[in-house]
Structure formats: structure tokens, C-alpha cells
Amino acid sequence: MNSAKKVLHAQLLIVILALLSGCDRETYTTWTCHSASETKIPMVLRKAQMEFKGGKLDYCGSLGNLSYFAQQCPAQIEQSGTLFTPSTGLLIMNGQEYQCSAL
């Protein structure tokens, strides 16, 4: 293979690697939540974590429409301290209810 072809192959490889690295872009959803006593609380769902009120909770799993989150996931996900229903935006954390809307 001559040097012009080697350069072309190297450039093509660089372009392909650059395109593939863009596929690993982080995806997340931002929500704004409120309760009876608080307004405009930001919440972010990023990969398998929920960021809410300065804390991070791990995604423990889902049953039907309910998604469960906790700092440390229990063996039975129904025992997680945080339940979230994305279809309605209802977030229940330690007994406190929040209504959330996706931004």
C-alpha cells in the first residue's frame, strides 16, 4: 500500500473513531418538582441515578409504572425509600409527595 493510501486510511479511521465517541453522549432528563410546602425543586434522572435535593439515589428497578430509587438498593425493591411514576410525575420520597414535570 502506498503512502497516500495509508494516510487516507488513517484519516478515515480518525473520522470513524470521532463519530463513535459521540455515541457515548450522556443522556438525562431534567424535571422540576413541587410539594405542598416547596416549589421549583430540580430533579435529574441521569443514567441509573436520580439527583434530587443535593443527593444522589441509585435506580433499583421498576414494577409496572413505578420506578424505585434508594441510596442502597434493598433486596426487595418495594422497600426502596423513593418511588417515582414517570407517566404522572408523582415522586414519593420518605412519605413526602412531590409533583414533577419534565422540562
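Preceding this section is the structure that the text describes.
Throughout this description, residue numbers start from 1 for each chain and increase along the sequence as written. Reporting of local features is limited, given that this is a predicted model, to residues whose pLDDT is at least 70; pairs of side-chain atoms are given and counted only at 80 or more, and all residues count toward the totals for whole chains, interfaces and linings. Heavy atoms from the whole structure form the basis of all side-chain values; hydrogens and water molecules are not counted.

What about the packing of aromatic side chains?
Geometry of an aromatic ring pair is reported as the spacing of the ring centres plus the angle between the planes. Whether two aromatic rings pair depends on their centres lying within 6.5 Å, for rings of Phe, Tyr and Trp, where Trp uses its six-membered ring; planes under 30 degrees apart make the pair stacked, over 60 edge-to-face, and the rest tilted. Going through the model one piece at a time under the given rule, you end up with three aromatic pairs. Here the aromatic rings of W31 and F84 are separated by 5.0 Å at their centres, their planes lie at 90°, and the arrangement is edge-to-face. One end of the pair, W31, is in strand β1 (residues 28-34); the other, F84, is in strand β6 (residues 82-85), and 53 residues separate them in sequence. The exposure class of W31 is buried, given its relative accessible area of 9%. Residue F84 is classed as buried on the basis of its relative accessible area of 0%. Ring-over charges, as used throughout, are those where CZ of Arg or NZ of Lys falls within 6 Å of the ring centre and within 35 degrees of the ring normal. The positively charged end of R46 is found above the aromatic ring belonging to Y28, 5.1 Å away from the centroid. Helix numbering and strand numbering both begin at the N terminus, where a helix is a DSSP run of H or I of at least 4 residues and a strand a DSSP run of E of at least 2. Between buried and exposed lies partly exposed: a residue is buried under 20% and exposed over 50% of the maximum accessible area for its type, with that area taken using a 1.4 Å probe on protein chains only.

Digging into the sheet that holds strand β7 (residues 90-93)
Strand order in the closed barrel formed by eight strands is β1-β2-β3-β4-β5-β6-β7-β8, and the pairing between neighbours is antiparallel. For this sheet, the mean inter-axis angle between neighbouring strands, taken without regard to orientation, is 30°. For two strands to pair, DSSP has to find at least two bridges joining them. Strand direction decides the pairing type here: β1 and strand β8 (residues 96-102), joined by four bridges, are antiparallel. Bridge pairing links T32 to S101 in β8. Helix axes use the C-alpha atoms of the stretch in contact, all axes being lines fitted to C-alpha atoms, and the angles between their N-to-C directions lie in the range 0 to 180 degrees.

A closer look at the environment of L63
Within the secondary structure layout, L63 lies in strand β4 (residues 55-63). Expressed as a C-alpha distance, the spacing of L63 and E78, which sit 15 residues apart in the sequence, is 8.5 Å. Note on contacts: a residue pair is in contact if any heavy atoms of the two residues lie within 4.5 Å. Here L63 is in contact with Y68, I77 and E78, once residues within four sequence places are set aside.

Digging into the pattern of salt bridges
Any carboxyl oxygen of Asp or Glu within 4 Å of a side-chain nitrogen of Lys or Arg constitutes a salt bridge here. If you walk through the whole model with that rule in mind, you get two salt bridges. With a closest N to O distance of 3.0 Å, K53 and E38 form a salt bridge. Linking K53 in the loop between β3 (49-52) and β4 with E38 in the loop between β1 and β2 (41-46), this pair joins segments that are 15 residues apart in sequence. We classify K53 as partly exposed; its relative accessible area is 46%.

Interpretation in functional terms is not warranted from these geometric data alone.
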